[in-house]
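# Structure assessment
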Amino acid sequence: MDKKRKSGSGVFFILIPLFIVIAAFIYDNVLMVIAKKNYRLATESIIKDVLSNSYNNKTEMVEKFYQDKKLETEQLNTTYEDNVLYIYNVHTFPSFFGRVLGVKSYRTEVDLKCYKNENNEIIIEEVEEG
């Protein structure tokens, strides 16, 4: 009976750290999904505001609105040509459990093409790489 107890406790001590690592991985991935969604929603809000109003310099207004929302603008790249607004920006956020594996932060990015169609609706599209 002692051997069964020892082997059972050995499995227990192997499974607990494995469970913790899996839970940490899931937690960090959920944080990434939430951060990406929130960043995308903030960017869409900025786009709708900029394209709905008649600002003279739309690219400056995009940067101002990012700063007002306390979002990063170090890698912000906006252009407005032929009534089409292009926005590329990167947001970094800290890793929670990834630090254990040496990952200090994660990043999310938006790369969008935005314009008004003939019905005056704002269209937001992902920019395809390539």
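Attention in this report is confined to the structure presented alongside it. (Residues numbered from 1 in each chain as written. Predicted model: local features only at pLDDT ≥ 70, side-chain atom pairs only at ≥ 80, totals over all residues. Heavy atoms only, no water.)

### A word on the overall build of the chain
Tallying secondary structure elements over the chain gives two helices and four strands in all. Listed N to C, the secondary structure of the chain is α-α-β-β-β-β in terms of helices and strands. Here the chain has a C-alpha radius of gyration of 23 Å; the compact-globule value for 130 residues is 14 Å, and the former is much larger. The dimensions of the chain, computed from C-alpha atoms along their principal axes, are 80 × 30 × 25 Å. By the burial criterion, 27% of the 130 residues in the chain qualify as buried. Surface exposure of the chain reaches about 9,500 Å², of which carbon and sulfur atoms provide 57%. (Helix = DSSP H or I, 4+ residues; strand = E, 2+ residues; numbered from the N terminus. Rg over C-alpha atoms; globule rule 2.2 N^0.38 Å. Buried < 20%, exposed > 50% of the residue type's maximum accessible area, 1.4 Å probe, protein only. Areas by Shrake-Rupley, 256 points an atom, 1.4 Å probe, with all protein chains shown as cover.)

### Points about the pairing of strand β3 (residues 105–116)
Of the pairings in the sheet, the one linking strand β2 (residues 84–94) to β3 comprises eleven bridges and is antiparallel in character. Counted as the bridge partner of Val 84 is Tyr 115 from β3. Pairing analysis gives five bridges linking β3 to strand β4 (residues 122–126), with the strands arranged antiparallel. Within β4, the position partnered with Cys 114 by the bridge is Ile 124. (Pairing = 2+ DSSP bridges.)

### Details of a nonpolar patch on the surface
Taken together, Val 11, Leu 15, Leu 18, Ile 22, Phe 25, Ile 26, Val 30 and Ile 34 make up a surface patch of nonpolar side chains, about 750 Å² in accessible area. Relative to the helices and strands, Leu 15 is located in helix α1 (residues 2–52). (Patch = residues over 30% accessible without salt bridge, like charges linked within 9 Å, V, L, I, M, F, W, Y side chains within 5 Å. Salt bridge = Lys/Arg side-chain N within 4 Å of Asp/Glu carboxyl O.)

### A short note on the sheet that holds β4
Judged by pairing direction, the sheet is antiparallel, and its four strands sit side by side in the order β1-β2-β3-β4 without closing on themselves. Two strands in the sheet have a free side with no partner beyond their single neighbour: β1 (77–81) and β4. Along the sheet, successive strands turn relative to each other by an average axial angle of 25°, direction set aside. Each of β1, β2 and β3 touches helix α2 (residues 58–68); the most contacted strand, β1, lies at about 150° to it. (Axes fitted to C-alpha atoms, helices over the stretch in contact; angles between N-to-C directions. Contact = heavy atoms within 4.5 Å.)

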